[in-house]
Structure formats: structure tokens, C-alpha cells
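Residue-level structural notes
Below, each chain spelled out in residue letters.
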Amino acid sequence: MRVLISSCLLGMKTRYDGRDKKYDISFLPAGAEIIPFCPEVEAGLGIPREPIELVLQGDDCIRVLGRESRKEFTEVLEMCCLKKIRELRKEGVDYIVLKSRSPSCGTETPLHDYEGNEIGVAQGIWARIIAEELPDVPCKTV
Ligand code: SF4
């Protein structure tokens, strides 16, 4: 069984602040092959890095912007995530575990207006691409 997991849940210090979010993954079957993946690090955003957030543009366009700089990271993250999807399709993946509330990995992440006000929730960019591209792979958010 191949399991893709948000790297920070495995204790890898990939978060924007250089910390991890280690989570007990003993619920996974013994012998599962673990595939760590952090879209933000893989996309070259660095550690530490400016926190990013989901920002609603117009009626239904969600962008990923730096919290302070408002620099746009949408395309670079999308490209990195789609590359990983191609790899996963080729090598196989049976189960996915994602970190909640992340603008990349979270399934119900705070959504902001351009001024930074919280206006709802939305899927993180990686979570959305997984739902679109790998709809049959079971996915758990923790
Ligand atoms: S992008 Fe995902 S894997 Fe990377 S630190 Fe954030 S929640 Fe963890």
C-alpha cells in the first residue's frame, strides 16, 4: 500500500516557520510505503518562508498570495502539484493523508478577500488538485 502524506505530519520541518506538525500515523497498516510530499517546499518557496493564503478574486477564482507581500504563488504551486500527480499516476498511490487548514494541503482552509479578511473556507491548492485528478483515491485530512 502506497500512502502519500503531507511531509510536516511525518515530523519533517517543512512548515513556513521551519517547524513540523508531527502526527501519529499508527492508524496506517504496517508495511505501508510512505511517500512524503510538501508542495510548498517542492515548488521552491523555501524554509522558512512567508506564509501564504487563499484569496478570492472575482466571484470564483481562488489565488494563492503571500500574506504580507501579496506576491502570487498560484501558478508555481499548480505546476508543482500537477507534476506530482503525473508521478503518482505512474507509480501508484492508494491512500492520501493531508494536513488540515493549510492553503496547500487543507480541504477546508480559510479563504480571504484581498485585504486579508476571512470570508469563508476553500480547498487548498494541492487538496483541490488531488480531488480533481485522483478522485478515486481515499483521502483523510488531519
Ligand atoms: S504545504 Fe502541506 S506538507 Fe508543506 S508544510 Fe504546509 S501543510 Fe505541511
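For the structure, check the block above.
Calculation rules
Sequence order as written defines residue numbering, which begins from 1 separately in each chain. Owing to the predicted nature of the model, reporting of local features is limited to residues with pLDDT of at least 70; listing and counting of side-chain atom pairs is limited to 80 or more, with chain, interface and lining totals taken over all residues. Only heavy atoms go into the side-chain values, all of them from the structure, while hydrogens and water stay out. When DSSP finds two or more bridges between two strands, those strands count as paired. Counting from the N terminus, the helices are the DSSP runs of H or I reaching at least four residues and the strands are the DSSP runs of E reaching at least two. Axes here mean lines fitted to C-alpha atoms, for a helix over just the part in contact, with angles spanning 0 to 180 degrees between N-to-C directions. Note on contacts: a residue pair qualifies if any of its non-hydrogen atoms lie within 4.5 Å across the two residues.

As for the sheet that holds strand β4 (residues 61–66)
Strand pairing in a sheet relies on backbone hydrogen bonds, with the paired strands running either antiparallel or parallel. In space, the four strands of this open sheet follow the order β4-β3-β6-β7, with mixed pairing throughout. Looking at the sheet topology across the chains shown, the edges are occupied by β4 and β7 (118–122). Averaged over all neighbouring strand pairs, the angle between strand axes comes to 45 degrees, with direction disregarded. With six bridges connecting them, strand β3 (residues 52–57) and β4 associate as antiparallel partners. Bridged to L54 within β4 is V64. Strands in contact with helix α2 (residues 74–91) are β3 and β4; relative to β4, the strand with the most contacts, it is inclined by about 105 degrees.

Notes on the environment of I34
Tracing the backbone through its elements, the reader meets I34 in strand β2 (residues 33–37). With residues up to four places along the chain from it excluded, the contact list for I34 reads V3, I5, L10, I25 and L28.

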